[in-house]
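Descriptive analysis of the structure
This is what each chain is made of:
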Amino acid sequence: MSENRLCQSPGRETVCIDTYRILDSCRDKDCFEDVRVFLTGYGQELIERGSAVRAKCARIVWSYIDIDPVPFNRGFYQLNIKIYVRIIAEVCVSPGNIQEIEGIAVVEKKVILFGSEGNVSVFKSEAGNGCSGFCPSGDHSSCSRSSNLPIAVLETVDPIILGSKVVCAHERIRCCCHCEDIPESVCCTVNGGSICDSEGDRLVVTLGLFSVVRIERPAQYLINAAEYCVPEKECVEAQENDPCSLFRSMAFPVSEFCPPSLGGRECDPPRCTCK
């Protein structure tokens, strides 16, 4: 029994759990050069009459992953990944007059991973989908059904903007889709109007992206488990009339005052202590 736990029963038993098994994974460091940014009508007007443009911020708003079996390679799958990035840029319209514009950049990458083979279709009951209960609805399109394909997972951080420039309409740029292909939910994240596909000058950016891609399948495992342990620590309610006492009980965030070193984010205690 731990110091702050009170176990109801010390006995252990073997239980079966349903989870996901990682079959294959990879990490990547991609550099996407000269990716077109689809701007709003207001933003397009500004870059055509502005003297200088620079992209200052990039945020991932959505990602779409498509899985296809690789022919003649059983168990391998090609992942087609599209990542939608919201770009915020600044335009120098006139001396001392800087205007912000927004747009959407779309990058695409392909990965081949091993996902094994599956021969079963899995159905699950989910509350609120109208497929189960006393009086199920006649529309079964919302019912949960999985195919034999594995599940692909993308983990990434917001891209790093490595460069930006305005190019003429006739110059060849990197673009994996058209303006009409961008989902409406992604377009709604941009301020300043709807996204347009102009034939004039175009804003392009170079993005650096770190990512981890993995492929999973449902699996069942036998594990050793103990009974649930009830915490001994009681919940403490904050006193509205004495907020300072609650503040004094908080630990001092030493790590927040220590800049991360080259070797990691851990603080070196001798350098972080007060003199």
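Refer to the preceding data block for the structure.
These remarks concern the structure in this document. None of the values given here were measured: they were computed from a predicted structure.

Notes on the pattern of salt bridges
Applying the stated rule across the entire model yields 12 salt bridges. With a shortest N-O distance of 2.8 Å, lysine 109 and aspartate 30 are connected by a salt bridge. Taken as a pair, lysine 109 in strand β5 (residues 97–114) and aspartate 30 in strand β2 (residues 12–39) lie far apart in primary sequence, 79 residues in all. The buried category is assigned to lysine 109, whose relative accessible area is 7%. Glutamate 216 is paired through a salt bridge with arginine 214; the nearest N and O atoms lie 2.6 Å apart. When its relative accessible area of 9% is taken as the criterion, glutamate 216 is described as buried. Judged by its relative accessible area of 18%, arginine 214 is buried. Each of the salt bridges in this network shares a partner with another, and the network as a whole consists of Arg54, Lys56, Glu90 and Glu100.

Brief notes about helix α1 (residues 41–49)
Among the residues of α1, those classed as buried are Gly43, Gln44, Leu46 and Ile47. All buried residues of α1 lie within an arc of 165° about the axis, which places them on one face of the element. Taken together, the buried residues of α1 touch β2, β3 (52–69), β4 (76–94), β5 and β10 (202–226).

Things to note about the environment of leucine 113
Among the secondary structure elements, leucine 113 is positioned in strand β5. Ignoring anything within four residues of it in the chain, the contact list for leucine 113 reads Asp24, Ser25, Cys26, Gly75, Phe76, Tyr77, Leu79, Val213, Arg214 and Ile215.

Points about a nonpolar patch on the surface
Where nonpolar side chains cluster on the molecular surface, the patch consists of Val157, Ile160, Leu162 and Phe210 and spans about 380 Å² of accessible area. Residue position: isoleucine 160 is located in strand β9 (residues 160–167). With a relative accessible area of 44%, isoleucine 160 lands in the partly exposed category.

What about the packing of aromatic side chains?
Tallying each qualifying case throughout the model produces 3 aromatic pairs. Ring plane angle 35° and centroid distance 6.3 Å describe the contact between tryptophan 62 and tyrosine 64, whose orientation is recorded as tilted. Feature note: the residues Trp62, Tyr64 and Tyr84 constitute an aromatic cluster, connected by ring pairs.

Considering the environment of serine 94
For serine 94, the location among the structural elements is in strand β4. In the structure, serine 94 is positioned 42 residues away from alanine 52 in sequence and 9.2 Å away in space, judged by C-alpha atoms.

Details of the side chain of arginine 202
Position of arginine 202 relative to the elements: it lies in strand β10. Apart from residues no more than four positions distant in its own chain, arginine 202 is found in contact with Arg36, Ile47, Lys165, Val166, Val167, Ala169 and Ile173.

Notes on the pairing of β4
Of all the 19 residues making up β4, 14 are buried; the element is thus mostly covered by neighbouring parts of the structure. Linking two consecutive strands that pair antiparallel, namely β3 and β4, is a turn of 6 residues; a positive phi of about 65° is found at phenylalanine 72 within it. In this structure, β4 lies alongside β5, joined through 18 bridges in antiparallel fashion. Opposite isoleucine 88, over in β5, you have glutamate 102 as the bridge partner. Connecting β4 to the antiparallel partner β5 that follows it, the hairpin turn spans 2 residues, and glycine 96 within it adopts a positive phi of roughly 85°.

Comments concerning the state of the cysteines
According to the stated counting rule, one finds 0 disulfides in the structure shown. Not engaged in a disulfide, the cysteine cysteine 187 finds its nearest cysteine sulfur in cysteine 179; these two sulfurs lie 6.1 Å apart. The cysteine cysteine 188 is free of any disulfide, with cysteine 187 supplying the nearest cysteine sulfur at 6.9 Å.

Conventions used here
- Residues numbered from 1 in each chain as written.
- Predicted model: local features only at pLDDT ≥ 70, side-chain atom pairs only at ≥ 80, totals over all residues.
- Heavy atoms only, no water.
- Salt bridge = Lys/Arg side-chain N within 4 Å of Asp/Glu carboxyl O.
- Helix = DSSP H or I, 4+ residues; strand = E, 2+ residues; numbered from the N terminus.
- Buried < 20%, exposed > 50% of the residue type's maximum accessible area, 1.4 Å probe, protein only.
- Arc of directions from axis to C-beta.
- Contact = heavy atoms within 4.5 Å.
- Patch = residues over 30% accessible without salt bridge, like charges linked within 9 Å, V, L, I, M, F, W, Y side chains within 5 Å.
- Areas by Shrake-Rupley, 256 points an atom, 1.4 Å probe, with all protein chains shown as cover.
- Phe/Tyr/Trp six-rings, centres within 6.5 Å; stacked < 30°, edge-to-face > 60°.
- Pairing = 2+ DSSP bridges.
- Disulfide = S-S within 2.5 Å.

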